[in-house]
Amino acid sequence: MKGNVRRFIDRFAATGSLLCALHCALTPLLLAAIPSLGLSIWMGDGFERGFVLFVTVLGLFSLIWGYRRHRAFRALGMLLAGLAALWAGVLYVPLHESAVPHAVVMTLGGTLVAIAHLVNLRLNHWHIHDASCAH
């Protein structure tokens, strides 16, 4: 049962991270269309910060749980780099009007978080229970 829950959380988190990366990549392209479509809530700072907070909690929970099982730092390290990029993107206030650097940083961060979850899935899949297990 634990394995199924762990796989579900990683898959859910990876899907969410990929959606986040797509959101960050497409938002600058859709700036003109968003208000006319009534989707301006997706552009708000509050939504973005809340989503990054959710990604942080879910990602840390999932990958620390996975790390305790497989003891490989690759996925956790990639997650931390992705979260650092995401938090830098939401906390940095640009001095000019261009949204391009913000979108690039957020897309990079979301992509790293998604890849971290996929790596964690693979590491958990390859894990073999033997005398070297730490759990």
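Just above sits the structure.
Residues numbered from 1 in each chain as written. Predicted model: local features only at pLDDT ≥ 70, side-chain atom pairs only at ≥ 80, totals over all residues. Heavy atoms only, no water.

Description of the side chain of Glu 48
Its place among the elements puts Glu 48 in helix H3 (residues 45-70). Although Glu 48 lies buried, it forms no salt bridge, and the closest oppositely charged side chain, Arg 49, sits 6.8 Å away as judged by the N-O distance. (Helix = DSSP H or I, 4+ residues; strand = E, 2+ residues; numbered from the N terminus. Buried < 20%, exposed > 50% of the residue type's maximum accessible area, 1.4 Å probe, protein only. Lys, Arg positive; Asp, Glu negative; His and termini not counted. Salt bridge = Lys/Arg side-chain N within 4 Å of Asp/Glu carboxyl O.)

Notes on the environment of Gly 50
Within the secondary structure layout, Gly 50 lies in helix H3. It is 10.0 Å that separates the C-alpha atoms of Gly 50 and Val 90, two residues lying 40 residues apart in sequence.

Describing the packing of aromatic side chains
The relative placement of two aromatic rings is captured by the distance of their centres and the angle of their planes. Applying the stated criterion to the full structure yields two aromatic pairs. With a centroid separation of 5.4 Å and an interplanar angle of 50°, the aromatic rings of Phe 61 and Trp 65 are classed as tilted. Taken together, the residues span about one helical turn, with Phe 61 and Trp 65 both in helix H3 at a distance of four residues. The interplanar angle of 85° and the centroid separation of 6.5 Å between the aromatic rings of Tyr 67 and Phe 73 together place this pair among those described as edge-to-face. The class of Tyr 67 is partly exposed, set by a relative accessible area of 26%. What makes Phe 73 exposed here is its relative accessible area of 52%. (Phe/Tyr/Trp six-rings, centres within 6.5 Å; stacked < 30°, edge-to-face > 60°.)

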